[in-house]
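Residue-level structural notes
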Amino acid sequence: MTTVWSALKWGWQPVYWLTIEGIPVVFSEYATGAAVPAGYSSEDASLIIDDSAAVGANLDRFEGVGKSLPLTFRLQDTSTVRSYLKRWSNETYITQDHSSSVTTLTVADTTGFSSPIFIGNERVTYSGSTATTFTGCTRGTVGYAYPHDEGSLGGLVTDLPRYWRGREVKLYATAVDPTGHLPGNVLIDDAELIWRGHIHEGPQRSGLQFEFTALALDRRLSRKIGQKWHGIVADKHNRYRVSPKDYIQAHIIVYDATNTGTFDQVIKWFPFKTKSDGDLLTGSEMRALIKSEYESVVSTLGHGGTLTSIHFEGNYAPGAPNKPGFWRYIAHFTFAADATADRVYVSISPFGPFPKRSVTVNVTSLSAGDRIESVWWTQDNPKESANAGSGHPDAALTMAVLLKQGHVSDVPSTGFIKVGTDNPEIYEYGKVETVGGLAYLSQINISMKSTYADWMTTKPGAQVEIVSHMGAAASPVAPASAVARTLSSSGEANLRNATYDVEDRGAGYALDDDQADYSQIVDHLTNGTLSSLRVVVAPDGQTFADVYGGLLSLAGMAIVMRPDESDGRKAKLMAVNTAYGGGYATTISDTDLLTMGAEPVHVEPHRIKPNSATVTAEQLGETLLSMSFEDYPAIQAQGREHMDFALPVAMTDELEVALGAWAIGILGMSEISQLVTISVPPWIDAEAGDMVKLNVTHPALWDWANGTPGYVGGARVIGRETRLENGVTTLRLVINGETNEGALCPSALVDAFAGTAGAPTTIDVDIKYLSHFTDAISAAGGNIRVLHYRPGQAEGVADGYDISAAAASGGKCRLTVAAVNGTPSLTVTTPDAYDDSHITLPESANDDAFQALFMHKSDGSKFV
Amino acid sequence: MAFTVPTTMSVLKMQQLLQTDQGAERLQTIIENAHHLYCYGPAHSVVVYTTEAKITNRTARYEWPILPSADGLDYVFRHHCRAGTGGSNLELTVEEYSGGAWNTLETTTGIAATANTPVTYTHTDTIPGGSTKLRVTWGRSTAAHEFTPNSLTVYPLVASLSAGKTSAGFIPQDDGLIGAAGCPVHTEFFNRAYRNALYVLQDRYQPSLSFVQEDASANMLYEPSGASLGASEWVRMGAAWLSMPYQRDATLDLRALASVNGGSTSGLVGVRQAGADGGLATFDADGAIGTGTLKLVMPGGPNSGCILEVLGTHTSGQETYVHAVNGYWKPGT
């Protein structure tokens, strides 16, 4: 693929220019005179790139993230630069919270301002103002819009940038001809965004210039994230919603021995009439109100001569092991003395929806305080029937937390609770409500580290941390989605990404669609073992690598900044493979090695192969499950070489299954690969995560398969650095060692064909196979052979085609058939069916040099 | 060419997966393991009859709902019956219900029996993909001789694979390519092995609950009625431990066959998980196959499982006849 570096082959040179978030100036190495990108007002030829600077990324295969190089640059002391690097003359502050999209900003005082204004790292232009508002605002010009909270330091509004740290820096390269002439007159047209990151240090006066140091985009993932609230346990009582309209109606009849009703009254009372609709009360609070209001109504109606009160008798049913029990209550009506009473009838209609219940009790007389047991059984919640067949929702555990830090209204709707400080208990809650100043957490789930016995010992006053989480034990999320949510979530729903920006502020990195290719990341991570795992993520002051490093490492994947081919090769975060295998992005041969001043090939020491590994499922720093793999004979012979992996996996069943597969990968790794660096020109289109074909004779390399110097075979790029001064590019590669790790041959489903089923002239397959077939044809220098087969039918090496060309056509890869071998008959259905015709590579006897790089039977390779 | 079906499943050792020159041999083992899975498993029905012992002077008939493979497979039927007094032959008829009619799979009057001895009888027959019920009738040639039907296990046994995709989606793999010298080891080999194993497990319901009484109401052991409990009150007719290692919160497909001697038929049969606050799956006792699901709450891990209860109730003055309640499960549900 043609890149910005391709022109360097012909003596062109790159010119670098960069932008700083919120500053509408293009800072370039020299004045190009070209039109600046939309939104920018001018070009300032003040940029100085350090001669030693380089851009690129290195993958840490054991952390699952890229570690791209930082960039240090300086700006000359021009009038434009000076105009931004001075103290602001006007300042005010926002007086209310603002979302990222509102177009009116409310501040303390707009006096003295003119558009634009700066809030935090955001630049805002506006079209009008009142004494306390900026109206007609355009948010996030030449940068990103952010939500702003009143009371935050970022809520200061100034007429010049107050903050520099954290602003995004984008470094572009544009090729200019040997005379220094820029082709075209629009700067962005032929430019490539080769690096992006965020200002970490600076601006700082350095000689007569200003120096900035910026960390690459993927280094932002080393920031610790997590959102939590501290408090203490107030109580563990269940609470239930009440309404002032809730009422109870009782019909009470006292009969004498002649079956005459001596007292016959219907009493209706509203026990929660002093409460507001939706108030939450404990069961005991509700029973107390039911009783007191009943007594009040009885007194008001003048029935005190017969009726006195209600008494609730509790009955505790213990739960199964590690399960909570529950309380049931039955209401007793108490009476005044009545010597003539012979029979008492009580009919009660509690809280409307429950059916009326009645009972008749024979008595010989009533003494003061005698209780008549009604048939009104309730759960702890008097509004819930205690019918044993209906389940016991009030058995769910609850906790009221008095926050010592943070706002009750900000507590996430679901999350984890850490109780205690040493060896804390961990629970999950599924609902939060506010009770006065308390955060009332309910639907508490004991399924993680702690037990019901732990729960029972938790006392009021215990220290509590509430930690927001992604997913829940009952509904964990796919790792791919979790990664995307962590990368994108800003705290304002759908701000950075329409699908994945859904988590609380502080729980993610708020990276924009322009900074991460979310569809590629999710698609890439929905593969292999990761596709069947589910995770619950609750970062508790952890970095991205802390949370996902183990998972990505075991799956042989990583998140890294690299060019997005689908978006003009913009540098973005993308997901890549770190393990061996796959198609080749390009071929590197002897003529591509740079020998300027140093050997172009270096072999680096590789990590010693582990013979012991422990994989732990963790949440909030606590281990839920730990599994170890020990190769004891190897440990005895070699000494223990141990590796640890921590995963945010809450569902341990799936993890146990996945670990079996990973164990092979862990214990069988490293000794089979070599780590080398090679120097190549910048136009070699190989980025971190790519597979390349290496075809070099340099004696520093050793072909273990054949026992000869040099190497021909696949290599996984795990690092690329390009020096900005001269374009010299260093690739870090993992190549085969004692054994070959083979890339499987592709097998392409036939989508369509021209001609007849027995004699096609062209065959269409998915476009993703285009580069493969063009490379194969190129390597062969002529026709290539492919085999035809249909899954489920007779298969063999006799039937196939000679292919003379491969080209993109109608969104497909179209293969031109030069000859038919054997008697293949194409079968294609609409829509595609799995047992339609397939095209694959030929057997070893008929393959070409490129096809031979893919795995064939008995070629010494193994699949990984 | 051949679609090779090994008689046993060969589990690859870790060392084999790490070998150099792995070639296609290991992969072929994986592919053939999927073939084995298709032809040999898992069991479809395991029924232990809830029935009177030492039956004489009549036949005993049992009928229960089934969910067989969509592929219309051959199944092995392995019956166990205990002969009581006398040495006369046991007589057996096995039928399946499809196409709106009972179709005989096996009928014999010649199962030799020795007095007071358990007898095992095995036959192989095809159950069509659309079959909904099985019916088994036991008797003895001398009516006065005792017999006690014990159990029946039904499991697939496919003799050989044929070319082409099956109704269930399984696609066999010919070894002509993978067996050739220097054959390409391609991605579709892997995908098909994985896919085939998945399609077999998605097609084959596995027995997870079985409560089968004699079909004739007069001979049933348990029937909810006013003799023992009030109308609409549930009575537990049976309970069993369902062991599902590593499964958490599986959902069972339930089938029930029940009838009444009069009155309403609605919701008279139930299945629930003991000790859970989850739902109660109820079925009508209208003589037709009742269908339902029950989501189980299980802890996961190697000892995962739960207790299932079969419940029955009746309407005032009537009796409910629970002929059969069967639970089936397939992975992923």
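Bear in mind the structure is a predicted one, so any value in this text is a computation, not a measurement. (Residues numbered from 1 in each chain as written. Chains lettered and ligands numbered in written order. Predicted model: local features only at pLDDT ≥ 70, side-chain atom pairs only at ≥ 80, totals over all residues. Heavy atoms only, no water.)

1. Description of the overall build of chain B
Quick reminder of the rule: Runs of H or I in DSSP of at least four residues are treated as helices and runs of E of at least two as strands, each being numbered from the N terminus. With a 1.4 Å probe rolled over the protein chains alone, any residue whose accessible area is under 20% of its type maximum counts as buried; one over 50% counts as exposed, and the rest are partly exposed. Residues are treated as being in contact if the distance between any of their heavy atoms lies within 4.5 Å. Per-residue and other accessible areas were derived by the Shrake-Rupley procedure at a 1.4 Å probe size, with only the shown protein chains allowed to occlude residues. A residue counts as positive if it is Lys or Arg and as negative if it is Asp or Glu; His and the chain ends are not included. By convention, the charge on Lys lies at NZ, on Arg at CZ, on Asp at CG and on Glu at CD.
Scanning chain B from terminus to terminus reveals 4 helices and 16 strands. Each principal axis of the C-alpha atoms in chain B carries an extent, and together these give about 75 × 50 × 35 Å. Put simply, chain B has 333 residues, and 52% of those count as buried. If you take every contact in chain B between residues at least 6 apart in sequence, the share linking residues at least 24 apart comes to 81%. Total accessible area on chain B is roughly 13,300 Å²; 49% of this is exposed by carbon and sulfur atoms. Of the charged side chains in chain B, 20 are positive and 28 negative; the average position of the first set lies 4 Å away from that of the second.

2. Some remarks on the overall build of chain A
For clarity, the threshold we go by: Taken over C-alpha atoms, the radius of gyration is set against a globule rule of 2.2 Å times the number of residues to the power 0.38.
Scanning chain A from terminus to terminus reveals 9 helices and 55 strands. Over its C-alpha trace chain A gives a radius of gyration of 36 Å, far above what one expects of a compact globule, namely 29 Å for 864 residues. Projected onto its principal axes, the C-alpha positions of chain A cover 115 × 80 × 60 Å. Here chain A holds 864 residues, and 54% of them are scored as buried. In chain A, 67% of the contacts between residues at least 6 apart in sequence involve partners at least 24 apart. When the accessible surface of chain A is summed, it comes to about 34,500 Å², and 49% of that surface belongs to carbon and sulfur atoms. Averaging the coordinates of the 64 positive side-chain charges in chain A and doing the same for the 98 negative ones gives two points 5 Å apart.

3. Section: the pairing of strand S32 (residues 438-444) of chain A
Residue and element names in this part refer to chain A. Filter applied, for reference: One bridge is not enough; two strands pair if DSSP finds at least two bridges between them.
Of all 7 residues in S32, 6 are buried, a share of seventy percent or more. The pairing of strand S28 (residues 397-405) with S32 spans 5 bridges and is classified as antiparallel. Counted as the bridge partner of Ala-400 is Tyr-440 from S32. Here 5 bridges tie strand S31 (residues 431-435) to S32, and the two strands are oriented antiparallel to one another. Looking at S32, one finds that Val-435 is bridged to Leu-438. Connecting S31 to the antiparallel partner S32 that follows it, the hairpin turn spans 2 residues, and Gly-436 within it adopts a positive phi of roughly 60 degrees.

4. Overview of the packing of helix H4 (residues 479-488) of chain A against helix H5 (residues 518-525) of chain A
Residues and elements named next belong to chain A. Convention followed: Interaxial angles span 0 to 180 degrees and are taken between N-to-C directions of axes, which are lines fitted to C-alpha atoms, for helices over the stretch in contact. For classification, angles of less than 35 degrees are called roughly parallel, those exceeding 145 degrees roughly antiparallel, those between 65 and 115 degrees roughly perpendicular, and all remaining angles oblique. With the far helix as reference, a near helix turned anticlockwise by less than a right angle produces a left-handed crossing, and one turned clockwise produces a right-handed crossing. Only Asp, Glu, Lys and Arg are considered charged in this grouping, and only Ala, Val, Leu, Ile, Met, Phe, Trp, Tyr, Cys and Pro are considered nonpolar; every other residue, Gly among them, is considered polar.
Relative to each other, H4 and H5 sit at 150 degrees, their axes nearing to 8 Å. Accordingly, the angle class assigned to the pair H4 and H5 is roughly antiparallel. Our pair here, H4 against H5, has a crossing hand that is right-handed. Listed contacts from H5 to Ala-480, Val-483, Ala-484, Leu-487 and Ser-488 of H4 are Tyr-518, Ile-521, Val-522 and Leu-525. Considering only residue class, the contact of H4 with H5 consists of 8 nonpolar, 1 polar and no charged.

5. Digging into the domain arrangement of chain B
Quick note on the threshold: These domain boundaries are the output of an automatic or database domain assignment.
For chain B, the assigned domains read domain 1 (14-40 + 162-203), domain 2 (45-156) and domain 3 (207-329). Just the C-alpha atoms count here: the centres of domain 1 of chain B and domain 3 of chain B sit 40 Å apart.

6. Let's talk about unusual backbone geometry
Pro-203 of chain A follows Gly-202 of chain A through a cis peptide bond whose omega is 5 degrees. Within the element layout of this structure, Pro-203 of chain A appears in strand S16 (residues 191-206). Backbone torsion omega between Gly-41 of chain B and Pro-42 of chain B reads -10 degrees, so that peptide bond is classified as cis. When you line up the elements, Pro-42 of chain B lands in the loop between helix H2 (25-40) and strand S1 (45-50). Positive phi, close to 55 degrees, is recorded for Ala-510 of chain A, a residue that is not glycine. Along the chain, Ala-510 of chain A falls in the loop between H4 and H5.

7. Digging into the packing of aromatic side chains
Test applied: Only rings of Phe, Tyr and Trp enter the pairing, Trp through its six-membered ring, and a pair is recorded when the two centres are within 6.5 Å. The plane angle decides the type: under 30 degrees is stacked, over 60 is edge-to-face, the rest tilted. Put simply, a charge is over a ring when the Lys NZ or the Arg CZ is close to the ring centre, within 6 Å, and near the line of the ring normal, within 35 degrees.
Under the counting rule described, the total for this entry stands at 20 aromatic pairs over all chains. Arranged with centres 5.7 Å apart and planes meeting at 45 degrees, the rings of Tyr-247 of chain A and Phe-270 of chain A form a pair that is tilted. One end of the pair, Tyr-247 of chain A, is in the loop between strand S19 (239-242) and strand S20 (248-256); the other, Phe-270 of chain A, is in the loop between strand S21 (261-269) and strand S22 (279-282), and 23 residues separate them in sequence. The class of Phe-270 of chain A is partly exposed, set by a relative accessible area of 31%. An aromatic cluster is present here, built from Phe-272, Phe-312, Phe-351 and Trp-376 of chain A joined pairwise through their rings. It is Arg-205 of chain A that lies over the ring of Phe-210 of chain A; its NZ or CZ is 4.7 Å from the centre. Directly above the aromatic system of Tyr-199 of chain B lies the positively charged group of Arg-195 of chain B, at a separation of 4.2 Å from the ring centroid.

8. Focus: the sheet that holds strand S14 (residues 289-295) of chain B
Residue and element names in this part refer to chain B. The 8 strands lie next to each other as S6-S3-S8-S1-S9-S16-S11-S14, forming an open sheet whose pairing is mixed. What marks the edges here is a single partner per strand, and that holds for strand S6 (117-126) and S14. Direction aside, the axes of adjacent strands within the sheet are offset by 20 degrees on average. Here S1 pairs with strand S8 (residues 147-156) via 4 bridges, running antiparallel. Among the inter-strand pairings, Val-48 is bridged to a residue of S8, identified as Ser-151.

9. A word on a nonpolar patch on the surface
Using the following cut-off: Only residues whose relative accessible area exceeds 30% and that form no salt bridge are eligible for patches; like-charged ones are grouped when within 9 Å, while nonpolar side chains (Val, Leu, Ile, Met, Phe, Trp, Tyr) are grouped when within 5 Å. What counts as a salt bridge is simple: a side-chain nitrogen of Lys or Arg found within 4 Å of a carboxyl oxygen of Asp or Glu.
Together, Tyr-194, Leu-198 and Tyr-199 of chain B make up an exposed nonpolar region whose accessible area comes to about 320 Å². Structurally, the position occupied by Tyr-199 of chain B is in helix H4 (residues 187-203).

10. Side note on the side chain of Glu-433 of chain A
Mapping Glu-433 of chain A onto the fold places it in strand S31. Setting aside anything within four residues of it in sequence, one finds Glu-433 of chain A in contact with Arg-241, Leu-280, Leu-438, Ala-439, Tyr-440 and Ser-442 of chain A.

11. A short note on the packing of H4 of chain A against helix H6 (residues 544-555) of chain A
Residue and element names in this part refer to chain A. The contact between H4 and H6 brings their axes to 12 Å, and the two run at 160 degrees. Compared by their axis directions, H4 and H6 come out roughly antiparallel. Every pair of crossing elements has a handedness; the one defined by H4 and H6 is left-handed. Between H4 and H6, the contacting residues are Pro-479, Ala-482, Val-483, Thr-486 and Leu-487 on the first element and Phe-544, Tyr-548 and Leu-551 on the second. Broken down by class, the residue content of the contact of H4 with H6 amounts to 7 nonpolar, 1 polar and no charged.

12. A word on the pairing of strand S15 (residues 305-312) of chain B
All names here are of chain B. Of all 8 residues in S15, 7 are buried, a share of seventy percent or more. With 8 bridges connecting them, strand S10 (residues 235-243) and S15 associate as antiparallel partners. Residue pairing across strands places Ala-240 opposite Leu-308, the latter belonging to S15. Looking at chain direction, strand S12 (residues 269-273) and S15 are connected through 5 bridges and run antiparallel. Across the sheet, Val-271 pairs through a bridge with Val-310, a residue of S15.

13. Remarks on the confidence of the model for chain A
Heads up, the condition is: Known as pLDDT, the predictor's confidence for each residue is given on a scale from 0 to 100.
Here chain A shows a mean pLDDT of 88. Residues at 70 or above account for 93%. Scored below 50 in pLDDT, residues 388-392 of chain A makes 7 contacts in the model with residues more than four places away or belonging to other chains.

14. Details of the sheet that holds strand S49 (residues 752-755) of chain A
All names here are of chain A. The strand order across the open sheet built from 7 strands is S48-S54-S51-S52-S53-S50-S49, with neighbouring strands paired in antiparallel fashion. Single-partner strands in this sheet number two, and they are strand S48 (747-749) and S49. Sheet twist, expressed as the mean angle between neighbouring strand axes with direction ignored, is 35 degrees. With 4 bridges connecting them, strand S51 (residues 784-789) and strand S52 (residues 800-809) associate as antiparallel partners. Paired with Ile-784 across the two strands is Ile-803, which belongs to S52. Against the sheet, helix H9 (residues 770-780) makes contact with strand S50 (760-766), S51, S52, strand S53 (812-821) and strand S54 (838-840), and its axis sits at roughly 125 degrees relative to S52, the strand it touches most.

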